[in-house]
Amino acid sequence: MVAIGNSDLDIFPLALGGNTFGWTSDEPTSFDILDAFAAGGGNFVDTADSYSAFADGNSGGESETVLGNWMASRHNRDHIVIATKVSQHPEFKGLAPANVRAAAEASLKRLQTDYIDVYYAHFDDADTPLVDTLGAFDKLVRDGLVRHVAISNYSPERIREWLSLSAEHGFAAPIALQPHYNLVHRHDYEPEVAALATENGLGVFPYYSLAAGFLAGKYRTQADLEGRARQRMATRYFSESGLAVVDALAEIADAHSAEISTIALAWLLTRPGITAPIASASRLEQLPALLDAPTVTLTASEISRLTTLSDAIGA
């Protein structure tokens, strides 16, 4: 178990992404995945109020609803650490104070709980003064609706501003960052956000840690993606240098008798500041490879090989 930043929250070093719940995995399948995750020692689930408004027929909040139903049926809320986010739900866009409050209350209702462990600002809102947003988050903490606040998809400059305003006004300080970060996409985290995280004791939870399945070795050609739910997301990672990374992952996975996705996640766990990668499973059989990542110890030469190949991508 590892702590999230300087908080009192201890988690298994692999976070389960809830974006698939109510999208590529229906409720019974999601329950099976969640049951197996908890049985395997997992306790941190990451979702957002907007999941999965991006899917045809969905309107947002589906993931939180499934997660809330699961916790209610298993009577395990006290054993699960929940992170969710605000700013992208179709009915609760942006980070104006009234919207932050209304969105949090809607999330609590869907999650069937009276508190959120970690509440993220999902994306920056340039139309709302940051100090107003921080005041709204702080009020949620003081009112007991949120335990800790966190930041997702913010630029280094805005993260610095958030930290400065928190200190200046005595607002609840953020405990975590959530950047887009993986072997084929590194510039959103390295080097500036990584330095900010380590300098300020912030937990870091990379999303797209498997590059929408690309780093699981699922898609070796564009044809492999045709008609897939993740086609739009995974296509961006395709390149000769990206496929070279996947080939190396496959060879290293063979040496460890592990899955390709396990090695991609294990590499992330060697990077500065990383607390736990976020990875999702649409099917139960995908989960063991994710849970195995913290148990794999890569050699120095394996880490160097993957990092060098990743450097060549320039992403």
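What you see is a predicted model; the values in this text were computed from it and never measured.

Draft legend 1. Representation of the overall build of the protein within the structure. Looking only at helices and strands, one finds 11 helices and 12 strands in the protein. Scaling as 2.2 N^0.38, a compact globule of 315 residues should have a C-alpha radius of gyration of about 20 Å, and the protein matches this with 19 Å. Projected onto the principal axes, the alpha-carbon positions of the protein cover approximately 50 × 40 × 35 Å. Classification of the 315 residues of the protein by burial places 56% in the buried group. Across the protein, the fraction of contacts at a sequence separation of at least 24, relative to all contacts at a separation of at least 6, is 76%. Here the protein holds 22 positive side-chain charges and 40 negative ones, and the gap between their average locations is 2 Å.

Draft legend 2. Here's a closer look at helix H2 (residues 62-74). With 13 residues, H2 should cover 18 Å at 1.5 Å per step; its first-to-last C-alpha distance of 18 Å lies within 8% of that length. Taken together, the buried positions of H2 are Glu 62, Ser 63, Glu 64, Val 66, Leu 67, Gly 68, Trp 70 and Met 71. Residues of H2 that are buried make contact with helix H1 (27-39), strand E4 (44-46), strand E5 (81-86) and helix H3 (97-111).

Draft legend 3. Here's a closer look at the side chain of His 148. Summarising the element assignment, His 148 is placed in strand E9 (residues 146-152). Residue classification places His 148 among the buried residues on the basis of a relative accessible area of 18%. A distance of 3.3 Å separates polar atoms of two side chains, one belonging to His 148 and the other to Asp 8. Not counting chain neighbours up to four residues away, the residues in contact with His 148 comprise Ser 7, Asp 8, Leu 9, Ile 116, Asp 117, Val 118, Tyr 119 and Ile 175.

Draft legend 4. Layout of the nonpolar core. Membership of the largest hydrophobic core comes to 87 residues, with the highest contact counts inside it found for Tyr 119, Leu 215, Leu 249 and Leu 306. By size, the runner-up hydrophobic cluster in this structure holds 16 residues, among which are Ile 11, Ala 176, Tyr 207 and Ala 276.

Draft legend 5. Structural view of the packing of aromatic side chains. Tallying each qualifying case throughout the model produces 11 aromatic pairs. Note on Tyr 181 and Trp 267: the rings are 6.1 Å apart at their centroids and 40° apart in plane angle, and the pair reads as tilted. Separated by 86 residues along the polypeptide, Tyr 181 in the loop between strand E10 (174-178) and helix H6 (192-200) and Trp 267 in helix H9 (residues 260-268) bring together distant segments of the chain. For Tyr 181, a relative accessible area of 0% gives the class buried. For Trp 267, a relative accessible area of 0% translates into the label buried.

Draft legend 6. Region of the structure containing the pattern of salt bridges. By the definition in use, this model includes 18 salt bridges. Across the pair Asp 46 and Lys 85 runs a salt bridge, and its minimum N-O distance is 2.7 Å. Highlighted residues: Asp 46 in strand E4 and Lys 85 in strand E5, separated in sequence by 39 residues. Among the residues examined, Asp 46 registers a relative accessible area of 3% and is labelled buried. With a shortest N-O distance of 2.7 Å, Lys 139 and Asp 143 are connected by a salt bridge. Looking at Lys 139, the relative accessible area reads 35%, which means it is partly exposed.

Draft legend 7. Main features of the sheet that holds strand E12 (residues 278-279). With respect to topology, eight strands assemble into an open sheet ordered E11-E10-E9-E8-E5-E4-E3-E12, the strand pairing being parallel. If you trace the sheet from one side to the other, it starts and ends with strand E11 (203-204) and E12, each paired once. For strand E3 (residues 15-17) and E12, the ladder comprises two bridges, and the chain directions are parallel. Directly across from Ala 15, in E12, lies its bridge partner Ile 278. Packed onto the sheet, H1 meets E3 and E4 and runs at close to 175° relative to E3.

Draft legend 8. Spatial organisation of the environment of Phe 171. Structurally, the position occupied by Phe 171 is in the loop between helix H5 (156-169) and E10. Once the C-alpha coordinates of Phe 171 and Asp 292 are considered, the two residues, 121 residues apart in sequence, prove to be 38 Å apart. Setting aside residues no more than four positions away along its own chain, Phe 171 makes contact with Val 131, Leu 134, Gly 135, Asp 138, Leu 165 and Ser 166.

Draft legend 9. Just the confidence of the model for the protein, in detail. Confidence in the prediction of the protein, expressed as mean pLDDT, is 96, and 98% of residues score 70 or more. Here helix H7 (residues 231-235) stands out as the element of the protein with the lowest mean pLDDT, 74, in contrast to strand E8 (residues 116-121), whose mean of 99 is the highest.

Calculation rules
- Residues numbered from 1 in each chain as written.
- Predicted model: local features only at pLDDT ≥ 70, side-chain atom pairs only at ≥ 80, totals over all residues.
- Heavy atoms only, no water.
- Helix = DSSP H or I, 4+ residues; strand = E, 2+ residues; numbered from the N terminus.
- Rg over C-alpha atoms; globule rule 2.2 N^0.38 Å.
- Buried < 20%, exposed > 50% of the residue type's maximum accessible area, 1.4 Å probe, protein only.
- Contact = heavy atoms within 4.5 Å.
- Lys, Arg positive; Asp, Glu negative; His and termini not counted.
- Charge placed at Lys NZ, Arg CZ, Asp CG, Glu CD.
- Expected span 1.5 Å × (residues − 1).
- Polar contact = N/O pair within 3.5 Å; in protein donor to acceptor, adjacent residues only side chain to side chain.
- Core = buried A, V, L, I, M, F, W, Y, C linked by side-chain atoms within 4.5 Å.
- Phe/Tyr/Trp six-rings, centres within 6.5 Å; stacked < 30°, edge-to-face > 60°.
- Salt bridge = Lys/Arg side-chain N within 4 Å of Asp/Glu carboxyl O.
- Pairing = 2+ DSSP bridges.
- Axes fitted to C-alpha atoms, helices over the stretch in contact; angles between N-to-C directions.
- pLDDT = per-residue confidence, 0-100.

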